[in-house]
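As a plain string of letters, each chain reads:
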Amino acid sequence: MMEELFIDCSTGVAGDMLLASFIDLGVPLDEINKPLANMGLHEKYHLDVKETKSFSMRGLRVDVNVLSKEPSHRRWLDIEKMILDADLKESLREKILSVFKALANVESAVHGIDVAKVEFHEVGSIDTLVDVVGVCAAVDYLNLNKIFCTPPPSGSGFIKTEHGILPVPVPAVLELAKVYSIKLSSEQNQPSGELTTPTGLALIIALADSFSPPPMLAIKSIGIGLGHRSLDRPNLLRTCLLNSLGKRDLSSVEKGFVWEEIFTQEAWIDDATSEDVAMLMSKLRDAGAIDVVSQAIQMKKDRQGISVRALVREKDLEHIRSIWFIHGTTIGLRENREGRWVLPRRMGTCLTSLGQIPIKQVKRPDGRITIKPEYEDLKRISNTTGKPLEEIRKEVLLNLDKFVSDEEWKI
C-alpha cells in the first residue's frame, strides 16, 4: 500500500533539516549516497549524521563534510548537465531537475539575467547538492502517494550572504513564493532570522502536493531533523509517514466497511430554468461527481430556488469546480470536506435468457453478498424485449449462480 507523508516545517525548512528527518524516518543511507556517487560526487563529501538535541528534544542533525577543494560557485548549465549525464532513475532525475530549475528561474528573475547565465553561489556548493539529491532520493525511495506540508515560515530580520546583507525573507524565497503561489506563514511569535532557505523552499515546492495539513493523521513513523541555528525554541522539522488509509477508520476495514473522505460542492440557484438545472446536474455527473442531488428551497426575499449539491472526490475538485461556473448561473460555490462509510463492491455480469446483464455485487459486514442490476441496463433490456423491470430482476435472481466478476473487490 502506498503511503502519504506530512512535513511539519512550522519552525523552518532547509535542505539539511529535510535530509536529516528522512534519515531519522528510516531511509537507508545507501539510498541517499548511491545517486550522489552516480553523479561523480562520492569522493567529494562525507555525510556526518548525529543524534543530538535541541531544547531537550531529540532528532538527527546532518553535516556535509567536503573532502576536496571544490568551487563554491557552479553554473546552472553545468549542474543540469551533471544531472542529465548521471545514471539515475528517471523519476529521481525529474525530481532533482525540478528543484534546480525552480532555483535557476528565480535566480534569473532576482538578478535580471538570462537563465542560461545563472551561476549559483551557496546553492552551487557540494553540501547543497548533497541536500537536494539526498532529499529527492529519499522521497523517491519511499514511493509516496501524496505529500502534505504546512505553510513555511517567512522569518524576519537580516542575513549576511555572498550578495551582502539581505532582508529576510531573502529575494529568492520571495520570488519562489510569488511564482508558485506559496503562502508564507508570518505569525508574530516566530523567531527572527532566516527560517526558510531557498533550497528548502524549492524542495518542498517540487515535492509537496498540498500546503495544508492532512485531514487526519494515522502516523506510522516520525522523523525529526534538527537545524544548526540556536532559536528561542526547538529548531526542528518533522516528517510523519502516514498510512494512506489515514482518512479512514482503519479498524473498520476488517469489519467490512471503511470511511472514505469526500467533498461536497453546493450552490443555491434562483435564476435558472428547470432545464438549465437538469443540464448542469448532467454535466457535473459526466465530469466525475459521485452523485448530484437537488431540492427546492426558499431563498432571500422569499424567492423560490433550487439547491444543487454534488459529492466529489478530492482529485476531481478543481475540474468539477469549473463545471459549476461554466455550465451554471451561480456566482458562488460552497465547498466542504465530508466523508462517507462505504462497503466493498465489484462489477460483473450474469448470464440469463435475456443475455448478459451487468450486476453490482456488494459485500455486507455480516458476510452476505447482495446484488443490484443497474437501472440503465434494466431499462435498455426492457425497451428491447418489452418485458417489465420486475420480470427482468427476477430473471437475474434465478441465474445468480452464473455471475462472473469483472474486477476484484474494491472500496
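Small disclaimer: the values here were computed from a predicted structure and weren't measured.

Reading the values: rules and limits
- Residues numbered from 1 in each chain as written.
- Predicted model: local features only at pLDDT ≥ 70, side-chain atom pairs only at ≥ 80, totals over all residues.
- Heavy atoms only, no water.
- Helix = DSSP H or I, 4+ residues; strand = E, 2+ residues; numbered from the N terminus.
- Rg over C-alpha atoms; globule rule 2.2 N^0.38 Å.
- Buried < 20%, exposed > 50% of the residue type's maximum accessible area, 1.4 Å probe, protein only.
- Contact = heavy atoms within 4.5 Å.
- Pairing = 2+ DSSP bridges.
- Axes fitted to C-alpha atoms, helices over the stretch in contact; angles between N-to-C directions.
- Salt bridge = Lys/Arg side-chain N within 4 Å of Asp/Glu carboxyl O.
- Disulfide = S-S within 2.5 Å.
- Parallel < 35°, antiparallel > 145°, perpendicular 65-115°, else oblique.
- Left-handed = near helix turned anticlockwise from the far one by under 90°.
- Nonpolar A, V, L, I, M, F, W, Y, C, P; charged D, E, K, R; others polar.
- pLDDT = per-residue confidence, 0-100.
- Patch = residues over 30% accessible without salt bridge, like charges linked within 9 Å, V, L, I, M, F, W, Y side chains within 5 Å.
- Areas by Shrake-Rupley, 256 points an atom, 1.4 Å probe, with all protein chains shown as cover.

### Notes on the overall build of the protein chain
- Each helix and strand counted, the protein chain has twelve helices and 18 strands in total.
- A globule of 411 residues ought to have a C-alpha radius of gyration of about 22 Å, yet the protein chain, at 28 Å, is considerably larger.
- With the C-alpha coordinates of the protein chain rotated into their principal frame, the extents come out at 85 × 55 × 45 Å.
- Looking at the protein chain as a whole, 46% of its 411 residues are labelled buried.
- By sequence separation, contacts in the protein chain at least 24 residues apart represent 69% of the contacts at least 6 residues apart.

### Side note on the environment of Glu390
- Note that Glu390 resides in helix 12 (residues 389–397).
- For Glu390, a relative accessible area of 46% puts it in the partly exposed group.

### Brief notes about the sheet that holds strand 14 (residues 334–342)
- Taken in spatial order, the four strands of this open sheet run 12-13-11-14, and their pairing is antiparallel. Every other strand in the sheet has two partners, leaving strand 12 (291–298) and strand 14 as the edge strands with one partner each. Direction aside, neighbouring strands of the sheet carry axes that sit 30° apart on average.
- Bridging between strand 11 (residues 258–269) and strand 14 involves nine bridges; their strand directions are antiparallel.

### Examining the pattern of salt bridges
- All told, the structure shown has 27 salt bridges when counted by the stated rule.
- Glu51 serves as the salt-bridge partner of Arg58, at 3.0 Å between the closest nitrogen and oxygen.
- Among the residues examined, Glu51 registers a relative accessible area of 58% and is labelled exposed.
- The network of salt bridges with shared partners includes Asp24, Glu51 and Arg58.

### As for the state of the cysteines
- Applying the stated criterion to the full structure yields zero disulfides.
- Counting only cysteine sulfurs, Cys149 is the nearest neighbor of Cys9, a cysteine outside any disulfide, at a range of 3.7 Å.

### Some points on the packing of helix 4 (residues 90–111) against helix 5 (residues 126–142)
- Between helix 4 and helix 5, whose axes approach to 9 Å, the crossing angle comes to 140°. The angle between the axes of helix 4 and helix 5 places the two elements in the oblique class. For the element pair helix 4 and helix 5, the recorded crossing hand is right-handed. Along the contact surface, helix 4 presents Ser91, Leu92, Lys95, Ile96, Val99 and Phe100, while helix 5 presents Leu129, Val132, Val133, Cys136, Ala137, Val139 and Asp140.
- Tallied by class, residues from the contact of helix 4 with helix 5 come to ten nonpolar, one polar and two charged.

### Examining the confidence of the model for the protein chain
- Counting all residues, the mean pLDDT for the protein chain is 90, and 95% of those residues have values of 70 or more.
- Highest mean pLDDT in the protein chain belongs to helix 1 (residues 15–25) (97); lowest belongs to helix 8 (residues 250–255) (51).
- Note that pLDDT drops below 50 for residues 246–251; the model gives that stretch 15 contacts with residues more than four away or on any other chain.

### A closer look at a nonpolar patch on the surface
- A cluster of nonpolar side chains, namely Leu217, Ile219 and Ile222, defines an oily patch on the protein surface of about 270 Å² accessible area.
- Structurally, Ile219 can be placed in strand 9 (residues 219–226).
- Judged by relative accessible area, which is 43%, Ile219 ranks as partly exposed.

### Looking at the pairing of strand 16 (residues 355–363)
- Two strands pair when backbone bridges link them, and strand 15 (residues 345–352) and strand 16 are joined in this way by eight bridges, in the antiparallel orientation. Residue pairing across strands places Thr352 opposite Gly355, the latter belonging to strand 16.
- Linking strand 15 to strand 16, which pair antiparallel, is a turn of two residues.
- Between strand 16 and strand 17 (residues 369–373), which pair antiparallel and follow one another directly, the connecting turn spans five residues, one of which, Gly367, has a positive phi of 100°.

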